Amino acid sequence: MENLIFSLNATVPIFLLMVLGSFLKKIQWIDDDFADKMNKFVFRVPLPLVLFNDLATVDFKEAWDTRFVLFCFGATVISIGISAGISCLWKDRSIRGEFIQSSYRSSAALLGIAFIQNIYGTAGMAPLMIIGSVPLYNVMAVLVLSLPGGEQKPDKKVLKKTFKGILTNPIILGIAAGLIWSALKLPVPYIMERTVENVAATATPLGLIAMGASFDIRKAFAKIKPSVTAAFIKLVGFCALFLPAAVHMGFRREELVAILVMLGSATTVTSFVMAKNMGHDGVLSSGVVMLTTLFSAFTLTGWLYVLKSLGLV
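The rules behind the values
- Residues numbered from 1 in each chain as written.
- Predicted model: local features only at pLDDT ≥ 70, side-chain atom pairs only at ≥ 80, totals over all residues.
- Heavy atoms only, no water.
- Helix = DSSP H or I, 4+ residues; strand = E, 2+ residues; numbered from the N terminus.
- Contact = heavy atoms within 4.5 Å.
- 1 Å grid on protein atoms, 1.4 Å probe; cavity = no way out; pocket = protein on both sides within 12 Å on 5 of 7 lines; lining within 4 Å.
- Points joined across faces, edges and corners; volume = space filled by probe spheres on them.
- Salt bridge = Lys/Arg side-chain N within 4 Å of Asp/Glu carboxyl O.
- Polar contact = N/O pair within 3.5 Å; in protein donor to acceptor, adjacent residues only side chain to side chain.
- Buried < 20%, exposed > 50% of the residue type's maximum accessible area, 1.4 Å probe, protein only.
- Phe/Tyr/Trp six-rings, centres within 6.5 Å; stacked < 30°, edge-to-face > 60°.
- Core = buried A, V, L, I, M, F, W, Y, C linked by side-chain atoms within 4.5 Å.

### Thoughts on the environment of P226
Mapped onto the fold, P226 is located in helix α13 (residues 224-248). Each C-alpha atom of the pair P226 and S285 lies 9.9 Å from the other, and the pair is 59 residues apart in sequence. What P226 contacts, discounting residues up to four positions off in sequence, is W90, I95, F99 and L284.

This is the structure we're talking about:
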C-alpha cells in the first residue's frame, strides 16, 4: 500500500492540473488561443529557467553523465526503428510518417520535468535525458514525416530550418546556459536566484493547465486502430523493452525515473504541429496525443509502482 500511495502521490497531482485545464476550457475561462499562447510562454521562458537553475547550481562534473546520455540516445534510436517497422503493417502509406513520430516522440520536457520534480523536488536527470533524446526527436521527425503522405520533402531548406530550430530551442539553450554557468563556477546572486526560481515555479502548473485545455477526446477516435496501436507502443511497449535494460545497466532513482518519462510519457503536442506543417492532415497525431495524455495517468502510475515495489526508485 505504501508503494501505491507513493506512485499516486507522484502522478495524480500532475494529471489533476490537466483536468483543471480541461474544466477551465469547458466553462470557457480558457480558449484555444489562450491555451496556445500559454504553451508557447511555458516552453520559451519558465521551462528553460527550470533547467538552467538546476544545472547552474551544481558541479558540472557531477551533473554530466556520458553513459546515461548515450543510453537515452540509443534507446531513442531503437524506438524509432521499431516504430518504423511496425508502421509497415498499415496499408495506408500516408499515415506511416505520423504513426512513427507519434509512437516515439515523448513530452519529455514538460511532463518529464513535472514528474521528476513532483518526486524529488528538482529536475533531476531530466536535462541530460533531454540532451540525449530531444534533438534526435526533431531531426528524425523531419525525415519520417517526409514519407509518402506529406507534401514537404527533406530538402536542404527544411533540414537547415530543423537544425536551426534545434540550436535555438529554448529548452536546449537553458540546458547549455546552465552547464556553462556551472562549468565556469559562476556565482548566482541572490536577487537573480530568487527571480529565476519564482518564474521557473510557474512552468509546471501553467504548462499542465494549458495541456489540459488543449485536450479534445473526440480527436482520439478519428483513426482509432493506428492511434490505439501507437499509444500502446508509446505507453507500454518501449517501457517493457528498455526499463529492464536500464535496470541491468545500473540506473536507479532519478536516472530511472527520467528514462521512464522518456519512454512512457504522453506524445508531445509538437508532433501534431510538425505533422501539419509538413503536409499531413494531423488526425492520427492528434489522436495519439489525446489517447496517451489520457491513459498515461494510469500507465505511469503503474510503471512507477512496479519500480518502487522493486526498490529501484
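Structure shown, so let's carry the discussion forward.
### Description of empty space enclosed by the protein
One way to see where empty space is left: roll a probe the size of a water molecule over the atoms. Taken as a whole and judged by the stated rule, the model has one cavity of 30 Å³ or more. Each pocket or cavity is described by its volume, and for the largest cavity that value is around 60 Å³. For the largest cavity, the full set of lining residues is A75, T76, S79, Y104, Y137, K234, F238, M262 and L263. Elements with a contribution of two residues or more to the lining of the largest cavity: α5 (66-87), α13 and α14 (253-264).

### Some thoughts on the pattern of salt bridges
Applying the stated criterion across every chain yields a total of five salt bridges. Note that D36 and K40 form a salt bridge whose closest N and O atoms lie 3.5 Å from each other. Of this pair, D36 and K40 both sit in helix α2 (residues 32-44), separated by four residues, roughly a single helical turn. The closest approach of N and O atoms between E197 and R194, which form a salt bridge, is 2.7 Å. One end of the pair, E197, and the other, R194, are both in helix α11 (residues 190-200), three residues apart, so they sit about a helical turn from each other.

### Points about the side chain of S103
Relative to the helices and strands, S103 is located in helix α6 (residues 96-104). Separated by 2.7 Å, the side chain of S103 and the backbone oxygen of F99 make a polar contact. In contact with S103, other than residues within four places in its own chain, are S83, A230, I233, K234 and F238.

### Notes on unusual backbone geometry
Although it is not a glycine, Q28 sits at a positive phi angle of roughly 65 degrees. Q28 sits in the exposed class, given a relative accessible area of 70%. Even without glycine at this site, K185 takes up a positive phi of about 55 degrees. Along the chain, K185 falls in the loop between α10 (170-183) and α11.

### Description of the packing of aromatic side chains
Applying the stated criterion to the full structure yields six aromatic pairs. Between F68 and F251, the aromatic rings sit 5.7 Å apart at their centres with planes inclined by 80 degrees, giving edge-to-face as the arrangement. Of the two residues, F68 is situated in helix α5 and F251 in the loop between α13 and α14; the sequence distance between them amounts to 183 residues. For the pair formed by F68 and F251, the shared burial category is buried. Note on W90 and F99: the rings are 5.9 Å apart at their centroids and 65 degrees apart in plane angle, and the pair reads as edge-to-face. Judged on exposure class, the residue W90 and its partner F99 are both buried.

### What about the nonpolar core?
Core analysis: the largest hydrophobic core is formed by 76 residues, its most contacted members being F68, F115, M129 and L263. Among residues more than four places away in sequence, those in contact with F68 are M125, L128, M129, F251, E255, A258 and I259. Counting residues in each nonpolar core, the second largest holds seven residues, with L24, I30, A35 and I209 among its members.

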